[in-house]
Amino acid sequence: VRETGGLKDSIIDFSEGKNGVGYKFKGMDENALIEMIDRAISDYNDLDKWQGYVHKTMCADFGWSASAKVYVKLYRKILDR
């Protein structure tokens, strides 16, 4: 995904640690996208790494349940001030 809006916050890049679930790029030109595609192809060619990424991404929780809990915690913190 391109790092913009909600996608920037929703997707953690694989390079950002153990919670990564995808690929992000910052630029708004074809070079930024091509660099990310090249990185993904390189990862795909490393079978162990790729299988780990696939498993991690398929097990990721993208539902609202986890997000809702974070919002409730934030709202409670604000109300306790």
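On a predicted model such as this, the values are computed, not experimentally measured, just so you know.

### Things to note about the overall build of the protein chain
Turning to step 1, where the next piece is worked out: When its secondary structure is counted, the protein chain shows 4 helices and 0 strands.
Turning to step 2, where the next piece is worked out: In sequence order, the protein chain lays out its α and β elements as α-α-α-α.
Turning to step 3, where the next piece is worked out: A compact globule built from 81 residues should have a C-alpha radius of gyration of about 12 Å, whereas the protein chain, at 16 Å, is more than 25% larger.
Turning to step 4, where the next piece is worked out: Seen through its principal axes, the protein chain has C-alpha atoms that stretch 50 × 30 × 20 Å.
Turning to step 5, where the next piece is worked out: In the protein chain, once contacts between residues fewer than 6 apart in sequence are set aside, the share between residues at least 24 apart is 32%.
Turning to step 6, where the next piece is worked out: The centroid of the 13 positive side-chain charges in the protein chain is displaced by 12 Å from the centroid of its 13 negative side-chain charges.

### What about the layout of surface pockets?
Turning to step 1, where the next piece is worked out: Of the voids in this model, the largest pocket is the one considered here, and its volume is about 290 Å³.
Turning to step 2, where the next piece is worked out: Together, G6, D9, S10, I12, K18, N19, V21, K56, A60, D61 and F62 line the largest pocket.
Turning to step 3, where the next piece is worked out: In terms of residue count, the dominant contributor to the lining of the largest pocket is helix α1 (residues 5–10) (3 residues).
Turning to step 4, where the next piece is worked out: For the lining of the largest pocket, the class distribution of residues is 4 nonpolar, 3 polar and 4 charged.

### Points about the side chain of E3
Turning to step 1, where the next piece is worked out: By the element assignment, E3 lies in the segment before α1.
Turning to step 2, where the next piece is worked out: Excluding its chain neighbours within four sequence positions, the residues that come into contact with E3 are K8, K24, F25 and K26.

### Let's talk about the packing of helix α2 (residues 30–44) against helix α3 (residues 47–59)
Turning to step 1, where the next piece is worked out: Remark: α2 packs on α3, axes separated minimally by 6 Å, with the N-to-C direction vectors making an angle of 105°. Regarding the angle of α2 to α3, the classification is roughly perpendicular. Within the contact between the two elements, α2 uses A40, D43 and Y44 and α3 uses L47, K49, W50 and Y53.
Turning to step 2, where the next piece is worked out: Counted by class, the contact of α2 with α3 contains 5 nonpolar, no polar and 2 charged residues.

### Quick notes on the nonpolar core
Generally speaking, soluble globular proteins have nonpolar side chains that are buried together.
Turning to step 1, where the next piece is worked out: Grouped together as the largest cluster of nonpolar side chains are 7 residues: F14, Y23, F25, A32, M36, A40 and Y53.
Turning to step 2, where the next piece is worked out: With 3 residues, the top contributor of residues to this core is α2.
Turning to step 3, where the next piece is worked out: Dropping the residues within four chain positions of it, A32 is found in contact with F25 and G27.

The rules behind the values
- Residues numbered from 1 in each chain as written.
- Predicted model: local features only at pLDDT ≥ 70, side-chain atom pairs only at ≥ 80, totals over all residues.
- Heavy atoms only, no water.
- Helix = DSSP H or I, 4+ residues; strand = E, 2+ residues; numbered from the N terminus.
- Rg over C-alpha atoms; globule rule 2.2 N^0.38 Å.
- Contact = heavy atoms within 4.5 Å.
- Lys, Arg positive; Asp, Glu negative; His and termini not counted.
- Charge placed at Lys NZ, Arg CZ, Asp CG, Glu CD.
- 1 Å grid on protein atoms, 1.4 Å probe; cavity = no way out; pocket = protein on both sides within 12 Å on 5 of 7 lines; lining within 4 Å.
- Points joined across faces, edges and corners; volume = space filled by probe spheres on them.
- Nonpolar A, V, L, I, M, F, W, Y, C, P; charged D, E, K, R; others polar.
- Axes fitted to C-alpha atoms, helices over the stretch in contact; angles between N-to-C directions.
- Parallel < 35°, antiparallel > 145°, perpendicular 65-115°, else oblique.
- Core = buried A, V, L, I, M, F, W, Y, C linked by side-chain atoms within 4.5 Å.
- Buried < 20%, exposed > 50% of the residue type's maximum accessible area, 1.4 Å probe, protein only.

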